[in-house]
Structure formats: structure tokens, C-alpha cells
Amino acid sequence: MVMNFSASQLSLSIQRSLHAYFMYHSGAFSDFGMNQEYVDGRVEEAGLRLLDEGHIDPISEVYRVRSMNSIRAQVLEHSEAGSEYITLDCQIIELAYHLPQFIPEEMTDEDLADLPSSFTTWDDFLATYRRLGYHLTYHYERTMEELRNCQNQHLARAHWHYGEQLQNNNPYFRGPEYRVTGTTERDRAVRQCLESSELGLLVRVRGQITNISAKRTSFMETAYRCSRCSTTQRIPQNEYDDQLIKPASCDDSDMVGGCGVPARDANFQILEPPESRAITIRRALLQEEWVDSSDSPVLLIEFRGSVCEEVDAGQVVTFVGYIRSRPADSKSRSDRNREVYMIVTGIERNEQSRDITVDDSREEEIMQWASSHTFSEKIEILTRSFCPEIVGRDKVKHGLMLQQFGGSQGAHELRSDIHIFVFGDPGTGKSVLARYLEDIHRGTRYVSAERATKAGLVAGISSKAEMFSGGDKRVIEPGAMALTPPGAVCIIDEAQFLDSGGRELSPQLNTALERQEVPVEMTLKGKVATKCPVLLIANPKKGDSAKFDPDSMVPLSDQAGIKKSTMTRGDLVYFLLDYGVTEDEEMLRAMSILSKMNGLNPTFGEGDTLDLTFVSDFFAVGRTFSSVSISDEAMSTLAKDQVFKRVSASGEKVSMRRVASLARLTQAAAKLDFKTVADVEHAEFALSVISAAQQDISPESVDGGIGEKNRKVKRLIFSAIEDAWSAEPPTGGGWTISSIPMYVEKYWNVADGIAPTHSQVTEAVKSFSKESESSSVHGPWRSYGKGNYGFDN
């Protein structure tokens, strides 16, 4: 509710509220039993009441309850770090739970009348104290001006250090820093902060810092020394303008006693602090925590003082700030159309980012559902409910479900996030699965590798508009992977274009996937954290009309345009091929599309199906089981399977990386079961999930090979070519590539099965030539140029 004051009434009301605040928190009422120890003693009980009534939450409590402490306690809290500040929390001041609600026994109304602002009763004192929260919210600039005028008489009493400086008339004494938080009913989105209606008001806004400047020093009062007479004069600066105000001449007034020459002759020298008064400032760009579109608004914000040390790019922060306007740049100072920005007055909550929050009643509902179903029943129902319009991809769904939980966060020097690569023919449901992940968690980031840059994907040097009107140093800007919040997934689509168009994204991506920390070494040096699970999606490299060919002599990774080094970073690699689908599955897929065109959400199968919100909340609750250990029996199960596939099993050998992947999948399965210890049941489920992935189906294809089956065909093709060359050598040069399949078919040993296709032969012939350049595996086979191939002799 807005109160109406005349100019004089407003000044008087603000002064009385400030005196009431300072008198209580400085120990002015010590004679009445309310010294600073008494003030601090009331904080715990008041804090619990604020928590119980929902005015503050446990995370923001650390930033806000300090405002109820005495001035001495607040100043001493961070004095060793050089950041002495007092917190003024508007909501807490207005509630005043930390003040006695009745006049102390030792105090009388006459005592109150003798105070500087002459309060008639204790109720009058409380009402005046509470009104400070309103003034800070609606008259911030005026209130802070009055505060600086009246603080000294109270600070001298509150802390001996301040009293000593004031008693010695220290000309450089500035007092502590002030942070203002807790604006009542003034929560605003980033978009709302840009409205002109918010100018001059205090707001609370939550968002993610996407770009932050280097620190700068800003002069609040500048001391100028005249080169002619050495007289110093101090010029107050406009603290909301980057333009430096200079003296027109050397001040020759009685108070200063200068020579009076104009500025051009005085040749003023700027004196550094303490003669001048300066603060550290930093600017940043703030966007909505959940970005829903490409035109999401961005708010320029400015930090001052010790707050500069508490924020960084990628963090999600709840700020309280004062909305101002400024020229868009140094060239538009006379333009009446101005840019809206925010001066941060305090931080209420600071975190790297956050997962989905589930309230207590919802969590109890989910826990009850989980406890009433066995592990296998939960798997069955969740599989049916996870992206229900996709039919026949249950193993892929299982992998994506486990990705939502990840492994144990206590893993020693190993990542806990699960990376999944899905390569598939067009129309196999990859995009539908990706969209479902976006629906599960609003923080999920999507980036197309076709248009991605290193800066947009991982990190880079910012090239955005200047944050300071006089220019700004370039800064490191985190990309999509670094900005993905906990619980969300970073989706990299069209991954076949990672290293195309003159770009090479794979090296940084590999580091981001495995180490989850990427060094940025360009004009600036630094690093960004990329702790998020990644879903990598790729079509065949040849284009949308092409399909993957598992029988090709070209490795599947090459068909997807993915480097071997990147392939090995995936915990689960799936190839979705557009064949081998039963008639029933084809019918269900067709009905799914028709249902969607009819405006319906397609759901198939018998039994319970959970709605999207429940599934999303279920995953969020499961992620709270952050630390999961693997039982000895489960570890033995995993180890025996790994040893068998490495040593005893015939065929291709699995990678050693598979062990870490199995551990993550097993821990994720335990989280799905809401358990802190993974047992054999969870290990066996993890083994079943990876058995359907390319890591187990054809380990060599993940390592950039063509698999044992195709290698055998390739050897037989070479043998047939050798036989043909010996029987029918060309008269000169080699054979044309179009004729070689004919020779292979003619000299193919029928005992080896069906002869290879034309494309298999031509792909093998090209690879023989490449391989002979670096090894003698295929003898002196080489390319004669213009599509001709053959042996040297």
C-alpha cells in the first residue's frame, strides 16, 4: 500500500524510522535492559518464527536473519575479510518479530519522549521502526541519503572502532556498507523489471547470470589537486552515471582557498583513495532462470562493494535491487529513450542453479507410491509413462530414465552424470524423446550442432554489447552445457555437424563430457564447469534422406560424423534403425501420430500410466538420494560380467570404460528405487540396459571400428580381389571401381555365404587404399587415380 507524504513529511518520517532502527540495533536502550547482547539474543527465536510462518526459507535464511542482529554483530561477522556491512531486510523490519512487542519494564513513555525523535508510546516506536521497510522499498534513494546523514551518531555508540574514528574526526570515515533485502510483495520477473512502472522502486528478482564483467573502480567523490597551487577540492559524483564530473576551476572560496584559475590552467590531478571515495563495481546480464524462447529478455544489473565477490556467471541468484534508467551508451546521453537497469542492493539467495523443488505433501505422495511398488513394477509403470507416444524403444527409455538420476555424487574423481548418444534414421523418434526431456525439466538446454559455436556450446569470450558506456574488457561467457541446471539435460541435436563448416567442436566437447571442466584459453584464461548429463543426437551424415547401414564397411561413427574420441565418452550409445519393426509396433506408431493430429495425448499399453508432472517430480525426489554406494554382491555381479566380456567371451572385447558406466547406471537404478545402497537387482538392471546399447552389441563400432562381422566380410572381399587379380590381371594400370564388384562376385567363395553388396565392395576398396598408406595390412594395394585401383605388382 502506497502512503502519501508531502516532501517535508516524507523526510521527517524517514528520519524517525532510521533513528528507531539505529537506536534499537546500536544498544541505545542499554539503560533499559536492551543492550546489543539482548538484541542478538532475540534473533534465534524470531528466526524460527519466520521459518515456521513461511516468510523465509532455509536457503535464504543465512542471508536474511542477520538483519535482526545488532550492528556490532553484523559488522564483526565479516570484518576479517574486509567486508563490513549491515543488512536492512524490509520484510523482517516490517514484521519486527525480533523486537519486544510491549514496552520493557524499565522504560516509561517519558523515556521515549526524551529520545531524539520523541516517540509518544512503545507502539509509536514499533510503528515507526516498521515503517522503515516501506521507505526502503518505495523511497530507496531518499532513505539512503538520510541514512548517511544520521548514521554517525549511532555508529559511534554501536562499535568502538567507529567511535574512535569519529572522535578523532577521521575525514575519510565512510561507515559500513549497507545491503537492502526482503522487499514485501515486490517479486518481479526479469521481463517485468524492464517496465517503466518499476523505475525508482525496489524489486526482488530471480534469474541466472549469463555474462559478468571484470571489476572496476567507480569514484563516488573525486579529489582534484590543482597543479598551480596544490589545493585539493572534492567533487561529489553522480553514482548512477558513468560520466566523470570535473571541476570548472580551482575553487577559491573561503572554505577551500584555491587560486581560482580555470580547469584548463589548473591541470587537475585525480587523487586516489583515501582522498577520493571509491567503490568496486561490477556489471552483469541477468536472464530468466528458465529460458523459453530465443527472445528472452536480459536485464543489466550492477553490483557494488562486497557483493562483487559473491556472484559469478552461471549462478542462479535472488537479488533485491533498485530500478534505474541510464543512457544506452556514451553516444546517446541526450537521448530521452533510456535503458532500464538495476542496482543490486542485496542478495537473498545464491546457488549455482537449482533442481525442481517438490513440496512436502507431494514428496510424501511420491514416496508412498514408490514404497507400494516393487523395483520391477516401478520400472514397468515408468517405462509405460515415459514418452508414451514412442512405442518399441523400451531399452532406450530405460537409459534415459537412469540418466535423469545419474550416479553417486560422491564418486572419487569420476563424473556422476550419464551421457547418452542416440544415432538414428530419420523418423525413429529421436526428436520426440528430446522434446519429452524438455517437458520433464524446464531447465533442459537444447542446442543444434548445425549452428552451434564453441562459445554457445561450452564457453567462449563474450562479444555482447558493452556493459560500461566507456567500453568494457571482454569476459568469459559460459555456454549451454555450463548453464544447464541440476536435474536437467543438455541436448545436443544434429551432432553430425559438430565438425563441419570450418568448425571443430569435438575437442572442447570431449573435455566437457569427461572432465566436466573446460579451460578457456583465448584472449582471456579461465575455466567453466560443465557438470550436466548430455543427450547427443545425430542423423546419418549424408542427410535426412539417408539411413545408417550396419553392414557398411564405413564405421557407424563415421556415418554419424562423430569422432572416435567423442564416441568413447558416451555411457550408452544407441542406433535406432528404421527396420525390424513388427506389424503391431507399426500400427501403434501410426495410431500415435494420428492421435496427436487429433489433439490427443497418445498412451498405449495396459496398466497404470503416470502423468508428466508426477514423472517429473518422481525423478526430482529420486535425485535427492545424492550419495549411493554399491553393495559387495552388486560389485561382484558387475565385475564378473565385465571380466567375462573382456576375457572369456568370444567376439569383440568391451572397453574398460564400461565399468565406470555400469557403476553410474547401477547407482542410478538404486536412486530410481529410492535406495542409498545399490544391490544385485539394480546391478542386473544396469546390465540389461547396457546390453541393448552399442557398447555391448558391437564394442568396436563405439571405438570407431566396423565390428567383427563386417571385418570378416572385408577380409573375404580382399581375398576375392587377390584371387581375381591372380587369375585375370589387367593389361595395364588397375581396375575401375565400378568393375571390382563384378570380380568379387565372380571369385567369391560360396562357402563363405552370400556375396557382399556393390556398396560394401566399393567402400572396402576405398578403405584398402587408405589403410595401405599407413600399414601393410592389405599389401601393395593402391589408388591409381580417376577411380582406378589395383596392386603394385
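Structure's up top.
All values reported here derive from a predicted model rather than from experimental measurement.

1. A short note on the state of the cysteines
When the sulfur atoms of two cysteines share a covalent bond, that bond is a disulfide.
Link 1 in the chain: In the structure shown here, the tally under the stated rule is 0 disulfides.
Link 2 in the chain: With no disulfide of its own, Cys250 has Cys229 as its nearest cysteine by sulfur position, at a separation of 3.6 Å.
Link 3 in the chain: Residue Cys250 is classed as buried on the basis of its relative accessible area, which comes to 2%.
Link 4 in the chain: Cys229 supplies the cysteine sulfur nearest to Cys259, a cysteine that is in no disulfide, at a spacing of 3.7 Å.
Link 5 in the chain: Using a relative accessible area of 34% as the deciding quantity, one classes Cys259 as partly exposed.

2. Some points on the packing of aromatic side chains
Link 1 in the chain: Counting across every chain of the model gives 32 aromatic pairs.
Link 2 in the chain: Measuring from centroid to centroid gives 5.3 Å for Phe303 and Phe319, while their planes differ by 50 degrees, and the two rings are tilted. Residue Phe303 is found in strand β9 (residues 298-304), and its partner Phe319 is found in strand β10 (residues 316-326); the two are separated by 16 residues along the sequence.
Link 3 in the chain: In this structure Phe303 comes out as buried when scored by relative accessible area, which is 0%.

3. Describing the pattern of salt bridges
Link 1 in the chain: According to the stated counting rule, one finds 34 salt bridges in the structure shown.
Link 2 in the chain: Here Arg186 makes a salt bridge to Glu198, at a shortest N to O gap of 2.4 Å. Separated by 12 residues along the polypeptide, Arg186 in the loop between β2 (177-181) and β3 (187-188) and Glu198 in the loop between α11 (190-193) and β4 (202-212) bring together distant segments of the chain. The two residues Arg186 and Glu198 agree in class, both being buried.
Link 3 in the chain: The closest approach of N and O atoms between Glu348 and Arg204, which form a salt bridge, is 3.0 Å. Highlighted residues: Glu348 in strand β11 (residues 339-351) and Arg204 in strand β4, separated in sequence by 144 residues. As far as burial versus exposure is concerned, Glu348 and Arg204 are alike and both buried.

Rules behind the numbers
- Residues numbered from 1 in each chain as written.
- Predicted model: local features only at pLDDT ≥ 70, side-chain atom pairs only at ≥ 80, totals over all residues.
- Heavy atoms only, no water.
- Disulfide = S-S within 2.5 Å.
- Buried < 20%, exposed > 50% of the residue type's maximum accessible area, 1.4 Å probe, protein only.
- Phe/Tyr/Trp six-rings, centres within 6.5 Å; stacked < 30°, edge-to-face > 60°.
- Helix = DSSP H or I, 4+ residues; strand = E, 2+ residues; numbered from the N terminus.
- Salt bridge = Lys/Arg side-chain N within 4 Å of Asp/Glu carboxyl O.

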